[in-house]
Amino acid sequence: MDPIRNPYAPGAGQRPPELAGRDAQLAAFDVVLERVARGRAERSLVLTGLRGVGKTVLLNALRSAAVRRGWGTGKLEARPDLPLRRPLSSALHQAVRELGHPEEEQRDHVLGVLRAFAERDAGRDAKLRDRWSPGIDVPAARGRADSGDIEIDLVELLTEVGGLSQDLGKGVAVFLDEMQDLGPADVSALCAACHEISQSGLPVIVVGAGLPHLPAVLSASKSYSERLFAYQRIDRLSRDAADRALAAPAAEEDAEFTPEGLEAMYAATGGYPYFIQAYGKTVWDLAPRSPITADDVAVAAPEAERELAVGFFGSRYERATPAERDYLRAMADADSGEDPVGAVATADVAAVLGKKPQSLSPARDALLKKGLIYSGERGRIAFTVPHFGRYLRDHA
């Protein structure tokens, strides 16, 4: 097969040639956009799922849908070492620019509030990079979004931005990836702001994406967050959707899979979108001709697994300390295969290692902070990466 015409695209957040299996989420978001633009009450949206299921890709697709409707949009990625104020300022500045409000005075007033919000935490003697404002050439406003309390300031800022978009009959959507990495104060502020904006009926929504334990993070911050957001679990693809993700791009290049080849691909990938692209690319490059058969998949699978072992699994494993790696391997060994998401009891992990659960708390907590594992319920943990346990048993 011609590698130049290879249609598959494994990559972090890279849109696949065929966005299969997400039609329901895209259609539901179109309804949200239309309702918000008409002043109807709607909740902000949170996407959750393991790594490699396409949350970032879907987040970008939803943003494109908002842009097509003339909304102002901005996107940011949360980081545990970076407070929300500055990256959110940059995202909202982009959203205000996209709105293109014709009244210069009103637009400049909102930009002044945005600048005040962005610069609030910088002291008088702060360096220029710490007094950064996102390309705003109007002076900072005073007495609005500059109290220093992130919760108060964010409510006031989103109120100003929402009023600007309401004038135009449009909306503003903020897309927030890796939402579980927000600090406690920022999570609380974001929930409070979404609550206030929803009550005010302003056309502003937040669309967040994160790991499966994100709902618990939000709930721990504000008890009403369970009613504040509409949660959508993004999971692996069904067999039909996985077949379409492989077959449709191949057809565009005048190639095809045999039914047995598609069945072998689903067995190898488990229906996880990232694995579908990774295996698809390798199988295409190594298959001698079309149609691609189950034998072709069998020949290419070891090479695909080697690439995943280095780039997808290995890079994460290398981030762990020796003690943390012991904990990860014990998790893999403790998995009986009975739980659908591979969750295991922390007591079982301790039993594998022959130690008391309390003595393993530092390793477990460090892995939670690094995003390698998550806790969906008390006393149980699971990998954030699908098939990670299998990788550990086979390679580590």
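Description of the structure in this document. (Residues numbered from 1 in each chain as written. Predicted model: local features only at pLDDT ≥ 70, side-chain atom pairs only at ≥ 80, totals over all residues. Heavy atoms only, no water.)

Points about helix α9 (residues 239-252)
The periodicity of an α-helix, 3.6 residues per turn, causes residues three or four positions apart to be oriented the same way. Relative to the 20 Å expected for 14 residues at 1.5 Å per residue, α9 spans 20 Å between its end C-alpha atoms, a close match to the ideal helical length. For α9, the complete set of buried residues consists of A241, A242, D243, A245, L246, P249 and A250. At its buried positions, α9 is contacted by α10 (259-269) and α11 (273-286). Downstream of α9 by one or two residues, D254 has phi in the positive range, about 60°. (Helix = DSSP H or I, 4+ residues; strand = E, 2+ residues; numbered from the N terminus. Expected span 1.5 Å × (residues − 1). Buried < 20%, exposed > 50% of the residue type's maximum accessible area, 1.4 Å probe, protein only. Contact = heavy atoms within 4.5 Å.)

Regarding the sheet that holds strand β6 (residues 344-345)
The three strands are arranged β6-β8-β7 in an open sheet whose pairing can be described as antiparallel. Strand pairing shows two members of the sheet lacking a second neighbour, β6 and β7 (373-377), which therefore form its edges. Of the pairings in the sheet, the one linking β7 to strand β8 (residues 380-383) comprises three bridges and is antiparallel in character. Its bridge partner being in β8, I373 is matched across the sheet by F383. The strands touched by helix α13 (residues 322-334) are β6, β7 and β8; relative to β8, the strand with the most contacts, the crossing angle is about 100°. Its contacts with the sheet place helix α15 (residues 361-369) against β7 and β8, and it is angled at close to 100° to β7. (Pairing = 2+ DSSP bridges. Axes fitted to C-alpha atoms, helices over the stretch in contact; angles between N-to-C directions.)

A short note on the side chain of S188
Following the sequence through the fold, S188 ends up in helix α6 (residues 184-200). Here the side chain of S188 touches E151 through a polar contact of 3.1 Å, side chain to side chain. Not counting the four nearest positions on each side in its chain, S188 is found in contact with E151, S221 and K222. (Polar contact = N/O pair within 3.5 Å; in protein donor to acceptor, adjacent residues only side chain to side chain.)

Brief notes about the nonpolar core
Judged by nonpolar contacts, the single largest core of 75 residues is most densely connected at F29, Y327, L328 and F388. Setting aside residues no more than four positions away along its own chain, F29 makes contact with L45, L62, A65, A66, F175, I205 and V207. By size, the runner-up hydrophobic cluster in this structure holds 47 residues, among which are L88, L92, V110 and V161. (Core = buried A, V, L, I, M, F, W, Y, C linked by side-chain atoms within 4.5 Å.)

Examining the environment of A255
Along the chain, the position of A255 falls in the loop between α9 and α10. Residues A255 and I292, spaced 37 residues apart in sequence, show a C-alpha to C-alpha distance of 8.0 Å. Each residue touching A255, except ones within four places of it in the same chain, is listed here: M1, A250, W284 and S290.

Here's the deal with the packing of aromatic side chains
Following the criterion strictly, the structure yields 14 aromatic pairs and no others. Where F29 meets F175, the ring centres are 6.3 Å apart and the plane angle is 65°; that geometry is what we call edge-to-face. Of this pair, F29 sits in helix α1 (residues 23-37) while F175 sits in strand β3 (residues 172-177), and the two are 146 residues apart along the sequence. Arranged with centres 6.4 Å apart and planes meeting at 70°, the rings of Y274 and F275 form a pair that is edge-to-face. A relative accessible area of 23% means that Y274 is categorised as partly exposed. Look at F275 and you get buried, because its relative accessible area is 2%. The structure contains a cluster of three or more aromatic residues connected by ring pairs, namely Y272, Y274, F275, F312, F313, Y317, F383, F388 and Y391. Of note, R316 hangs over the ring of F312, and the distance from its end group to the ring centre comes to 4.7 Å. The lysine or arginine in question, R325, covers the ring of Y317, its NZ or CZ lying 5.0 Å from the ring centre. (Phe/Tyr/Trp six-rings, centres within 6.5 Å; stacked < 30°, edge-to-face > 60°. Lys NZ or Arg CZ within 6 Å of the ring centre and 35° of its normal.)

Quick notes on the state of the cysteines
Overall, the coordinates contain zero disulfides when judged by the stated rule. Summary of cysteine pairing: C191 is not part of a disulfide, and the nearest cysteine sulfur, belonging to C194, is at 6.8 Å. Taking the relative accessible area as the measure of exposure, C191 reaches 1% and is therefore buried. (Disulfide = S-S within 2.5 Å.)

Side note on the packing of helix α3 (residues 85-99) against helix α4 (residues 104-119)
For the pair α3 and α4, interaxial distance at closest approach is 9 Å and the crossing angle is 165°. In this view, α3 runs roughly antiparallel relative to α4, as classed from their interaxial angle. The interaxial crossing formed by α3 with α4 has left-handed handedness. For the pair formed by α3 and α4, the contact residues are R85, R86, S89, L92, H93 and V96 on the first element and R107, V110, L111, L114, F117 and A118 on the second. Within the contact of α3 with α4, the residues separate by chemical class into seven nonpolar, two polar and three charged. (Parallel < 35°, antiparallel > 145°, perpendicular 65-115°, else oblique. Left-handed = near helix turned anticlockwise from the far one by under 90°. Nonpolar A, V, L, I, M, F, W, Y, C, P; charged D, E, K, R; others polar.)

Interpretation in functional terms is not warranted from these geometric data alone.
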